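Listed below are the residues making up each chain.
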Amino acid sequence: MRSESLDLKQVKIQDTFWSAHVDLVKSAIIPYQWDVMNDRIEDAESSHCLENFRIAAGLKKGEFYGAVFQDTDIAKWLEAVGFSLAYCPDGELERTADEVIDLIARAQQEDGYINTYFTINDPKKRWTNLCEGHELYTAGHLMEAAAAYYQGTGKRKFLDCMCRFADLICDTFGTEDGKNHGYPGHQEVEIGLIKLYRLTGERRYLDQAKYFIDARGVGENCFLKEMAAPGYQMIFPEFHDYDPRYSQSHLPVREQDTAEGHAVRAVYMYCAMADLAYEYKDHELMAACERIWDNITKKRMYITGGIGSSGILERFTTDYDLPNEYNYSETCASIGLALFGLRMAQITGQASYMDVVERALYNTVLAGISLDGRSFFYVNPLEVWPDACMDRTSKEHVKPVRRKWFGVACCPPNIARTLASLGQYIYSWNRKEKEFYVNLFVSGEAEPETEEGSMKIHMKTEFPWQNRITLQVSGVPKGGIRLMVRIPDYAEGFRILKEGAGEVRYENRKGYASVTVEGDGTYEISFEAPPQFVRADPRVRADAGRTAMIRGPLVYCLEETDNGENLSALCADTDQEITEEKSDLFGGSVILRARGERVVQASWKGGLYSTEKPEREPVTLTAVPYAFWNNRGPGEMAVWIREM
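Bear in mind that the values here come from a model prediction, so they are computed numbers and not experimental data.

On to the overall build of the chain, then. Looking only at helices and strands, the chain features 17 helices and 25 strands. Here the chain has a C-alpha radius of gyration of 25 Å; the compact-globule value for 644 residues is 26 Å, and the two agree. Dimensions along the principal axes, computed over C-alpha positions, put the chain at roughly 75 × 75 × 50 Å. A fraction of 70% describes how many contacts in the chain between residues 6 or more apart in sequence connect residues 24 or more apart. Summed over its atoms, the accessible surface of the chain is roughly 25,600 Å², and 46% of this surface lies on carbon and sulfur atoms.

Let us look at helix H7 (residues 157-172). In a regular helix each residue adds 1.5 Å, so 16 residues correspond to 22 Å; H7 covers 23 Å between its end C-alpha atoms and thus fits that length. For H7, the full list of buried residues reads Phe-158, Leu-159, Cys-161, Met-162, Cys-163, Phe-165, Ala-166, Leu-168, Ile-169, Cys-170 and Thr-172. Buried positions along H7 lie against helix H3 (71-87), helix H4 (91-107), helix H6 (135-153), helix H8 (189-200) and helix H9 (203-215).

Moving on: the packing of H8 against helix H11 (residues 263-279). Viewed as axis vectors pointing N to C, H8 and H11 meet at an angle of 35°, and their least axial separation amounts to 8 Å. Mapping the contact onto sequence places Glu-190, Ile-191, Ile-194, Tyr-197 and Arg-198 in H8 and Tyr-268, Cys-271, Ala-272, Asp-275, Leu-276, Tyr-278 and Glu-279 in H11. Looking at the contact of H8 with H11 residue by residue, the class counts come to eight nonpolar, no polar and four charged.

Below, the discussion takes up the environment of His-458. Looking at where His-458 falls in the secondary structure, it is placed in strand E9 (residues 456-461). Residue His-458 is classed as partly exposed on the basis of its relative accessible area, which comes to 23%. Every residue in contact with His-458, bar those within four places of it in the chain, is listed here: Gly-444, Glu-445, Thr-470, Leu-471 and Gln-472.

Moving on: the side chain of Ser-329. When you line up the elements, Ser-329 lands in the loop between helix H12 (283-299) and helix H13 (331-348). Of the residues examined, Ser-329 reaches a relative accessible area of 0% and is grouped as buried. When sequence neighbours within four positions are dropped, the list of residues in contact with Ser-329 reads Tyr-302, Gly-306, Ile-307, Gly-308, Thr-364, Tyr-378, Val-379 and Asn-380.

A word on H13. Spanning 18 residues, H13 covers 26 Å between terminal C-alpha atoms, matching the ideal 26 Å at 1.5 Å per step. For H13, the buried fraction is high: 17 of the 18 residues fall into the buried class. Remark: Gly-349 follows H13 within two positions and exhibits a positive phi of approximately 75°.

Moving on to empty space enclosed by the protein. The rolling of a water-molecule-sized probe over the atoms marks out the regions of remaining empty space. All told, the structure shown has four cavities of 30 Å³ or more when counted by the stated rule. Taken as a whole, the largest cavity holds about 60 Å³ of empty space. Along its surface, the largest cavity is lined by Trp-429, Arg-431, Lys-434, Thr-450, Glu-451, Glu-452 and Pro-477. Of the residues in the lining of the largest cavity, the class split is two nonpolar, one polar and four charged. Taken as a whole, the second largest cavity spans an internal volume of roughly 40 Å³. The wall of the second largest cavity is formed by Leu-130, His-134, Glu-135, Leu-136, Tyr-137, Pro-184, Gly-185 and His-186. Its residues assigned to classes, the lining of the second largest cavity shows four nonpolar, three polar and one charged.

On to the pairing of strand E4 (residues 427-430). On E4, burial covers both faces: Tyr-427 and Trp-429 on one face and Ser-428 and Asn-430 on the other are all buried. Sheet analysis places strand E1 (residues 4-5) next to E4, joined by two bridges and oriented antiparallel. Note that in E4 the partner of Ser-5 across the bridge is Ser-428. Judged from the four bridges that link them, E4 and strand E5 (residues 435-438) form a sheet pairing that is antiparallel. Across the sheet, Ser-428 pairs through a bridge with Tyr-437, a residue of E5. Connecting E4 to the antiparallel partner E5 that follows it, the hairpin turn spans four residues, and Lys-434 within it adopts a positive phi of roughly 55°.

Applying the stated criterion across every chain, the model contains 47 salt bridges. We note a salt bridge from Arg-126 to Asp-111, for which the minimum N-O separation is 2.5 Å. Here the residue Arg-126 occupies a position in the loop between helix H5 (116-121) and H6, and Asp-111 occupies one in the loop between H4 and H5, the gap between them amounting to 15 residues. For Arg-126, a relative accessible area of 22% gives the class partly exposed. Overall, Asp-111 belongs to the partly exposed group, its relative accessible area being 36%. Salt-bridge contacts for Lys-298 lead to Asp-294; the nearest nitrogen and oxygen are separated by 4.0 Å. Here Asp-294 and Lys-298 lie together in helix H12, a separation of four residues that amounts to about one turn. Through salt bridges that share partners, Arg-2, Glu-4, Arg-198, Asp-275, Glu-279 and Arg-343 make up one connected network.

Moving on: the side chain of Glu-636. Mapped onto the secondary structure, Glu-636 falls in the loop between strand E23 (616-625) and strand E24 (637-638). No salt bridge is formed by the buried Glu-636; the nearest opposite charge belongs to Arg-598, separated by 7.7 Å. Reaching out from Glu-636, the side chain makes a polar contact with the backbone nitrogen of Leu-567 at a distance of 3.1 Å. With residues near it in sequence (within four places) discarded, Glu-636 still touches Val-384, Trp-385, Pro-386, Leu-558, Glu-559, Glu-560, Glu-565, Asn-566 and Leu-567.

Interhelical geometry of H11 versus H12 gives an angle of 145° and a closest axis separation of 8 Å. When you trace H11 past H12, the crossing you get is left-handed. Only Leu-285, Met-286, Ala-288, Cys-289, Ile-292 and Ile-296 of H12 make contact with H11, whose side of the interface consists of Tyr-270, Met-273, Ala-274, Leu-276 and Ala-277. Considering only residue class, the contact of H11 with H12 consists of eleven nonpolar, no polar and no charged.

Most of strand E18 (residues 546-551) is tucked away: five of the six residues are buried. Sheet topology places strand E17 (residues 532-534) next to E18; three bridges connect them, and they run antiparallel. Across the sheet, Gln-532 pairs through a bridge with Ile-550, a residue of E18. Pairing of E18 with strand E25 (residues 641-643), which is carried by two bridges, proceeds in the antiparallel orientation. For Arg-546, the partnering residue across the bridge sits in E25 and is Arg-642. Pairing of E18 with strand E19 (residues 554-559), which is carried by two bridges, proceeds in the antiparallel orientation. Directly across from Ile-550, in E19, lies its bridge partner Val-555. Counting the residues that bridge the hairpin from E18 to E19 gives two residues, and of these Gly-552 lies at a positive phi of roughly 60°.

Analysis parameters
Residues numbered from 1 in each chain as written. Predicted model: local features only at pLDDT ≥ 70, side-chain atom pairs only at ≥ 80, totals over all residues. Heavy atoms only, no water. Helix = DSSP H or I, 4+ residues; strand = E, 2+ residues; numbered from the N terminus. Rg over C-alpha atoms; globule rule 2.2 N^0.38 Å. Contact = heavy atoms within 4.5 Å. Areas by Shrake-Rupley, 256 points an atom, 1.4 Å probe, with all protein chains shown as cover. Expected span 1.5 Å × (residues − 1). Buried < 20%, exposed > 50% of the residue type's maximum accessible area, 1.4 Å probe, protein only. Axes fitted to C-alpha atoms, helices over the stretch in contact; angles between N-to-C directions. Nonpolar A, V, L, I, M, F, W, Y, C, P; charged D, E, K, R; others polar. 1 Å grid on protein atoms, 1.4 Å probe; cavity = no way out; pocket = protein on both sides within 12 Å on 5 of 7 lines; lining within 4 Å. Points joined across faces, edges and corners; volume = space filled by probe spheres on them. Pairing = 2+ DSSP bridges. Salt bridge = Lys/Arg side-chain N within 4 Å of Asp/Glu carboxyl O. Lys, Arg positive; Asp, Glu negative; His and termini not counted. Polar contact = N/O pair within 3.5 Å; in protein donor to acceptor, adjacent residues only side chain to side chain. Left-handed = near helix turned anticlockwise from the far one by under 90°.

Take it as geometry only, folks, not as evidence of what the structure does.
This is the structure in C-alpha cells:
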C-alpha cells in the first residue's frame, strides 16, 4: 500500500521560511488573481476569463477572448481557493467561489459539456480538434478544482457538475464502435479523472483515464489523422509539420524511455502514468515511469529543478542540452515535476524522488513569483543579461523582470494552487503499515488519523537556514509507528537524538531514516549542509569549466545589484571556502560570499578583439538564493560562473 498525503485540514504550517509564501496565497495571491480575472489590474494583460463564462452562460453578449484554454485560469484559481479553505476557512472567499461555481454551472451544457471557447465560437466543432483544442486539458483542470473545493468545503455542486462532464467524456471516448478513439492533445484530464474516481469510487473514471494513456501512441497517430482531414483549421501556426513527439504520442507510453516534447504535457502524463501503475498494479507502466524519471533527472534537468530547455515549443531537446541564457524551464513544468516526484516517492518509498521535489519547490517554483505575490515569471533561465532580452531574437521569451500577468497565464494560478497545497508534500502517511513520512522540513503541525484517533506531530525548525529539526510526537497508537525521516542527498553527519535517551540508531530505508516510535517523545534531527561549489557533468556543454554555489536545497546566483555589471567577467576561486552570512535581505536569509577575480574592463586596450591578455583584479563574490532573484529591481543574473 502506498503512503498518502495528509488532508490539508490535518496540516498547519507555521514556518519562518515557507509561511511568508504560503500566507500570501490568502492575503495577496488569491485576491490579486481574482482582480486579474475580472480585468481590474492596470497595465496587465487582459484575462477575460470570467467574462467568457458569462457569455457562455447567456448572461452577456460578446465574443470569446483569449487562448483556447482560458477557462483553466479560473479552474486553477478555484483549486487554490479550495486548498486555502481547507486549512483557513473564510466565509467571504467561499461565497465568492460559490458565485463562480454557480456561473460555471450555468455555462454547462445540457449534456454536461463545459468549455467556453467552443460553446461561444462553434459548438458543432466539439471534439474535432483534440490536438489543439485543449477541451480535455481544460476539463482536467476543472475536475481537479472541483475535487479540491469539495475536500476543502464539503460542498458537492462543483463536484457534481464535473461528474456530469466526466460521464460525458466516458460516453464519448473509448475503444467501442461509435466512440471517438482519440486522446488529449495536452494531457491533464487523466489526473482529473483519477481524482474524481478516488473521491466518488466511480470506477469508469479510472478506466477512462487508463484508456487515454493506453491509446496514446498506438497505431495511426490521432493528431496527424485530424490534421489530414478535409477542412481542418489549425489554431496554432507553430503546429505546422507536427511532430508527435511534441505530445508524447510518438510511441506507446510503455515503450518510452526518454522525456520528449512539451515539458508540461509530459510531466502531467507521467503523473497519470504513476497513478495508474499503482491502481492497476501495472509493473510495465511503473518501469516506464522509472526510466523516464531517470532520463529527466540525470540528463535533462537543470540544477534548479527546471525542465524543458527549449524556448521553441517549450520542450525537452536532447540529453545534456541545458543552456543557461535562453533556456525555458517553464514554472508549470517544475510544478508538474514535483507532482510526478511526489507520486513516485509515495508509491516506492524512495526518498530520492523527494530530493528532486524539494529542489524544484525551493528554486524554480519560488522564483516564479515575486515576494509580494503580485508578479510572475513564466520562464526561468539561469543567466540573464537584460539588454539582450530583445523581441524577435533567440532570447525574446526571457523576461528580465516579473510580469503582472500573461496572455497565456497558466503559470501564475498554478503557483497559487501549489503554494496553497504545500502541506501535501511535507508529510505522507501509510496508515496500514503505520509508517509516517517526513518529506520536507517545514515547521508546523500534522494530525494524521489512526485507528485510535489522531496522532499529533509538531515540527519546529529554522530550515533551510539551520539544519536542526525537532519532532514532538504524541498520541502514538498501540503497537507504535515507524517514523520515516528523509535523509537529504546533501546532508552530512545525519543524526537523530531522542530527548532523555541520547542518540537513536536508525535504519536507512530507501533514503529515509526509519525509527520505531512506541510512545510520546521528542526527537531532534540534525545534519550539516555547508555551502559548496558544484560542477556539472562535462557533457553539459553550457557549464563545462563553470561552477555554481549551493547550500542545502537552495541554488544560489549572482546578481548585478551585488556584483556589478557584466557577470561574465567574473570567475570563482574554488580552492577557497565559501562563507555564509545572515542577512536581512528577502525577509531574512543566508547569503554566500566567495573569493574570485574580475576582468578589468579599463585594462582592455584593443578593439573588439585583441591578442592582449586582460588584467584581473581580486573581488568578493556575493550570491543570493535563486528563488529570490529580481526582487530588488532589474539587472544581470547568473547561476553558473567560470572557475579559476
